[in-house]
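Examining the three-dimensional arrangement
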Amino acid sequence: DAMVIQNPRYQVTQFGKPVTLSCSQTLNHNVMYWYQQKSSQAPKLLFHYYDKDFNNEADTPDNFQSRRPNTSFCFLDIRSPGLGDAAMYLCATSRVNGRSNQPQHFGDGTRLSIL
Amino acid sequence: AQSVTQLDSQVPVFEEAPVELRCNYSSSVSVYLFWYVQYPNQGLQLLLKYLSGSTLVKGINGFEAEFNKSQTSFHLRKPSVHISDTAEYFCAVRTLSGGYNKLIFGAGTRLAVHP
């Protein structure tokens, strides 16, 4: 089945040690999103790629970066994780084409813990 | 700016009882509304969406929602819930920002179904 896959499902890293989360999709969607979701809160958009065009949210810390080497893959890099970065990270995709309003499809998330 | 308010943070209900999860939005332009469900340690799954047309929208798992423009509401309903409906439910509105589609989520409603 076509889907959005996030690896790993659970990630533990040390305070200040860089970490990379990955997302892949078989939907051939042109937009990929990264959200941060802390416990009992709504997902918060960090940034998204429209094709190769990177769009950062104004309040996303510089500590968070992203790469999209091709249509299928997108990575979230946290350069120096702090305790406050412990959260669930959700990847989503959608097809945006002119006035198309396709809903976003989400992966199952990666839960990041910081020691 | 568009925003979403979910009026209840938690809704306890007994199995086979009806339930309504409330959602109000603010928007000065055409609205596209969504309900997502999130089971523990999983991503978000689309329940239903309103883009245009009939104001009563039917979704998966027996859920439905009614778009009410005059009351700026998009409440989610199910006539008879199951234990398996226990989850977090998010209402969201699509917004345009910088030429790109984004989702604005409500804070979520935790539905707890008891036997």
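A short tour of the structure in this document, coming up. (Residues numbered from 1 in each chain as written. Chains lettered and ligands numbered in written order. Predicted model: local features only at pLDDT ≥ 70, side-chain atom pairs only at ≥ 80, totals over all residues. Heavy atoms only, no water.)

1. Quick look at the interface of chain B and chain A
For clarity, the threshold we go by: Residues count as neighbours in contact if any of their non-hydrogen atoms are within 4.5 Å of one another. Two parts lose some accessible area (1.4 Å probe) when they are put together, and adding that loss for both gives the buried area. One side-chain nitrogen of Lys or Arg within 4 Å of one carboxyl oxygen of Asp or Glu is enough to make a salt bridge. Identification of polar contacts relies on pairs of N or O atoms within 3.5 Å, with a donor-acceptor requirement for protein atoms, meaning one able to donate a hydrogen and the other able to accept it, and with residues adjacent in sequence counted only if both atoms are side-chain atoms.
Every contact between the two is made by 21 residues of chain B and, on the other side, 26 residues of chain A. Looking only at chain B, the three residues that lose the most surface to chain A are Asn41, Tyr100 and Asn101 of chain B, adding up to 32% of its buried area. Taken together, chain B and chain A are joined by one salt bridge. The residue lysine 102 of chain B makes a salt bridge to glutamate 57 of chain A at a minimum N-O spacing of 2.6 Å. Connecting chain B to chain A are six residue pairs in polar contact (both at pLDDT 80 or more).

2. So, the side chain of threonine 110 of chain A
All names here are of chain A. Formally: Each helix corresponds to a stretch of at least 4 residues labelled H or I by DSSP, and each strand to a stretch of at least 2 residues labelled E; elements are numbered beginning at the N terminus. Type-normalised accessible area, obtained with a 1.4 Å probe on protein chains alone, sets the label of each residue: buried when under 20%, exposed when over 50%, and partly exposed for intermediate values.
For threonine 110, the position within the fold is in strand β11 (residues 110-114). Taking relative accessible area as the criterion, threonine 110 reaches 0% and is therefore assigned buried. A distance of 2.5 Å separates a polar atom in the side chain of threonine 110 from the backbone oxygen of proline 8. Look past the residues within four positions of threonine 110 in its chain and what remains in contact with it is Gln6, Asn7, Pro8, Arg9, Gln11, Leu21, Ala87, Met88 and Tyr89.

3. Considerations on the sheet that holds strand β7 (residues 64-67) of chain A
Residues and elements named next belong to chain A. Note the threshold: Two strands make a pair as long as DSSP finds a minimum of two bridges between them. Here, axes are lines fitted to C-alpha atoms. For helices the fit covers the stretch in contact, and angles between N-to-C directions go from 0 to 180 degrees.
Here we have four strands laid out as an open sheet, ordered β1-β3-β8-β7, and antiparallel in their pairing. One side of each edge strand has no neighbouring strand; the edge strands of this open sheet are β1 (4-7) and β7. Neighbour-to-neighbour, the strand axes of this sheet turn through a mean angle of 20 degrees, independent of strand direction. For strand β3 (residues 19-25) and strand β8 (residues 73-78), the ladder comprises six bridges, and the chain directions are antiparallel. Residue pairing in the sheet places leucine 21 in a bridge with leucine 76 of β8.

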